[in-house]
Amino acid sequence: MATTLEPGAKPGTAAPPDTASDPSPGTGPNPVPRTALLRVRELSVTYPSARGAVPAVRGVSFEVRPGEVFGLVGESGSGKSSVCSAILGMLPDGARLDAEGVEFEGRDLARLRERELRPIRGRRIALVPQQPMTSLSPTTPIGRQLRWYLGERLDDPSVRETLASIGLAAVLDRGRDLPGAFSGGQLQRLVIAIAALAHEPALLLADEPTTTLDATVQAQVLKLLLTLREQLGLAVLYVSHDLAVVSQLCDRVGVMYGGRLVETAPVAELFGNPRHPYTRALISAMPAMTPDDRPLRPIPGSAEGANLLPGCPFAPRCAERVAACDTAMPATVRVGRTRVACHRVPDEEAK
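Rules and cut-offs
Residues numbered from 1 in each chain as written. Predicted model: local features only at pLDDT ≥ 70, side-chain atom pairs only at ≥ 80, totals over all residues. Heavy atoms only, no water. Helix = DSSP H or I, 4+ residues; strand = E, 2+ residues; numbered from the N terminus. Expected span 1.5 Å × (residues − 1). Buried < 20%, exposed > 50% of the residue type's maximum accessible area, 1.4 Å probe, protein only. Contact = heavy atoms within 4.5 Å. Polar contact = N/O pair within 3.5 Å; in protein donor to acceptor, adjacent residues only side chain to side chain. Pairing = 2+ DSSP bridges. pLDDT = per-residue confidence, 0-100. Phe/Tyr/Trp six-rings, centres within 6.5 Å; stacked < 30°, edge-to-face > 60°. Core = buried A, V, L, I, M, F, W, Y, C linked by side-chain atoms within 4.5 Å. Salt bridge = Lys/Arg side-chain N within 4 Å of Asp/Glu carboxyl O. Disulfide = S-S within 2.5 Å. Axes fitted to C-alpha atoms, helices over the stretch in contact; angles between N-to-C directions.

Another point: helix α6 (residues 215-232). In this model, α6 (18 residues) spans 26 Å end to end at C-alpha, consistent with the 26 Å of a helix rising 1.5 Å per residue. Along α6, the residues classified as buried are Val 217, Gln 218, Ala 219, Val 221, Leu 222, Leu 224, Leu 225, Leu 226, Leu 228 and Arg 229. Its buried side turned inward, α6 meets β3 (69-73), α4 (157-173), α5 (184-197), β8 (203-207), β9 (235-240) and α7 (243-249). One side-chain oxygen of the residue at the start of α6 lies 3.2 Å from the amide nitrogen of Thr 216, identifying that residue as Asp 214. Looking one or two places after α6, you find Gly 233, whose phi comes out positive at around 75°.

Given below as structure tokens:
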């Protein structure tokens, strides 16, 4: 996938033709296989509270294929990060996971014991968190920490060349410095490089890794993810609330709201022909998608409590709401290469 990832770029313009969508396998110079690396089926997560269990994720299903960048997008509290924690088996005490399956490389992660998950975490599935300082020791020189993860490979000229090529030459030259001496962008690139190079995992979970970075540094980090995808062939599950970033980085996108996955589509189709009212509302609220002579159209209301509703979680804020939206969650149907959960999808389009 080629993209300039310039700050302020129009969403959808840099995305490639879809090569990872049903029903056809990828065709292009770097096709994405149809076979899923990760297949999540009917995943639900609940957290305990004084008033009983609170659902955070409700019946979410999606898959990520080898070499694919799959975006999971939604407002804060939509359940995105809980999905990542559930995949890794890192939910907090008291949380409950239910799923038909969380299959990765032929194994159901939801049914593995802790001792069986440990060899998978960091080796076959690596995590890049929002805050790089949470993954680095603030009192240990950066060179020593690189040695912890890369060992003798750090002496390999090709590895050092790779690190230098992704903007980490200064880190290599200042190995005695503590992490606090480096910028947030340098540290985030370093954490991503460690996650990808230490064990060369098959899947990288990136949980809003550019949230705290300015636009220029953000673009550098996104280019790094694409470079590592091309060099190592790893798949990326990219979690974000930023549709503009997702539009430039991802092959396919899943849109979450109120713990539900309301739409999944190839990135070009999601932005070119969004099917769910929430997706359309999100895109309409984006400055890059709004003509200069028109005001932005914010989504009225709040997402608070959407995860508790019996019907469509977006119903209270939806301008296209019908009676069924309040009482029944719509089934997910396929419309072309899009999967959408909406009562308003015409029957003749769904199949």
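After that view, the rundown keeps rolling.
As for its position among the elements, Thr 338 is in strand β13 (residues 338-341). Other than its neighbours up to four places away in sequence, Thr 338 contacts Glu 263, Thr 264, Ala 265, Glu 269, Arg 275 and Val 333.

We now examine the pairing of strand β2 (residues 54-64). For β2, a buried count of eight out of 11 residues is recorded, marking the element as mostly surrounded by other parts of the structure. Two elements, strand β1 (residues 38-47) and β2, share seven bridges in a ladder whose sense is antiparallel. Bridged to Arg 39 within β2 is Glu 63. Where β1 folds back onto β2 in an antiparallel hairpin, the turn is made up of six residues, including Gly 52, whose phi is positive at roughly 110°.

With that settled, consider the confidence of the model for the protein. Looking at the protein, the pLDDT average stands at 85 and 87% of residues meet or exceed 70. Contacts of residues 1-32 to residues separated by more than four positions or lying in other chains number 68 contacts, the stretch itself having pLDDT below 50.

Counted under the stated rule, the structure contains four aromatic pairs. With a centroid separation of 5.1 Å and 55° between ring planes, the pair formed by Tyr 278 and Phe 314 is classed as tilted. You can see Tyr 278 sitting in helix α9 (residues 277-284) and its partner Phe 314 sitting in the loop between α9 and β12 (332-335), a full 36 residues away along the chain. When sorted by exposure, Tyr 278 lands in the same class as Phe 314, which is buried.

Another point: the side chain of Thr 210. Within the secondary structure, Thr 210 is located in the loop between β8 and α6. There is a polar contact of 3.3 Å between the side chain of Thr 210 and the side chain of Gln 218. Of note is the side chain of Thr 210, whose polar atom sits 3.3 Å from the side chain of Tyr 238. In this structure Thr 210 touches Gln 218, Val 221, Leu 222 and Tyr 238, once residues within four positions along its chain are discounted.

Moving on, we get to the nonpolar core. In a soluble, globular protein the nonpolar side chains are often hidden away together inside. Ranked by internal contacts, the top residues of the largest apolar core, which has 64 residues, are Leu 163 and Tyr 238. When residues in this core are grouped by element, the largest group, nine residues, is from α5. The residues touching Leu 163, leaving out its near neighbours within four places in the chain, are Leu 150, Leu 154, Leu 168, Ala 169, Leu 172, Ala 193 and Leu 197.

What follows deals with α9. Of all eight residues in α9, six are buried, a share of seventy percent or more. Pro 277, Tyr 278, Thr 279, Ala 281, Leu 282 and Ile 283 are the residues of α9 that are buried. Close packing links the buried residues of α9 with α7, β10 (252-257), β11 (260-266) and α8 (267-272).

This part is about the pattern of salt bridges. Under the defined criterion, the tally for this structure stands at 21 salt bridges. Of the charged contacts, one joins Glu 63 and Arg 65 as a salt bridge, the two residues approaching to 3.0 Å between their closest N and O atoms. When its relative accessible area of 16% is taken as the criterion, Glu 63 is described as buried. A salt bridge links Asp 326 to Arg 321; its shortest N-O distance comes to 2.9 Å. Of the residues examined, Asp 326 reaches a relative accessible area of 35% and is grouped as partly exposed. Judged by relative accessible area, Arg 321 falls into the partly exposed class, the value being 42%. Through salt bridges that share partners, Arg 39, Arg 41, Glu 63, Arg 65, Glu 100 and Glu 103 make up one connected network.

Moving on to the environment of Pro 179. Structurally, Pro 179 can be placed in the loop between α4 and α5. Each C-alpha atom, one on Pro 179 and one on Met 133, is 7.7 Å from the other, the two residues being 46 residues apart in sequence. Look past the residues within four positions of Pro 179 in its chain and what remains in contact with it is Met 133, Leu 136, Ser 137, Pro 138, Thr 140, Ile 142, Gln 145 and Leu 187.

With that out of the way, let us pick up unusual backbone geometry. Located in the positive-phi region is Glu 42, a residue other than glycine, with phi close to 50°. Residue position: Glu 42 is located in strand β1. Here the phi dihedral of Glu 208 falls at roughly 50°; this positive angle occurs in a residue that is not glycine. Mapped onto the fold, Glu 208 is located in the loop between β8 and α6.

In this section: the state of the cysteines. Put plainly, a disulfide is one covalent bond tying together the sulfur atoms of two cysteines. The final tally for this structure, using the stated rule, is zero disulfides. Looking at the unpaired Cys 342, the closest cysteine sulfur is the one in Cys 325, lying at 6.3 Å. We classify Cys 342 as buried; its relative accessible area is 14%.

What follows is about the sheet that holds β11. If you trace the eight strands from one edge of the open sheet to the other, you get β7-β8-β9-β3-β10-β11-β13-β12, paired in mixed fashion. A single partner strand is all that each edge strand has here, and the edge strands are β7 (125-128) and β12. Mean inter-strand twist for the sheet, computed between neighbouring axes without regard to direction, equals 20°. Judged from the five bridges that link them, β3 and β9 form a sheet pairing that is parallel. Note that in β9 the partner of Leu 72 across the bridge is Val 239. Contacts between α5 and the sheet are confined to β7 and β8, with β7 contributing the most and set at about 175° to the helix. α9 rests against β10 and β11 of the sheet, and its axis sits at about 100° to β10.

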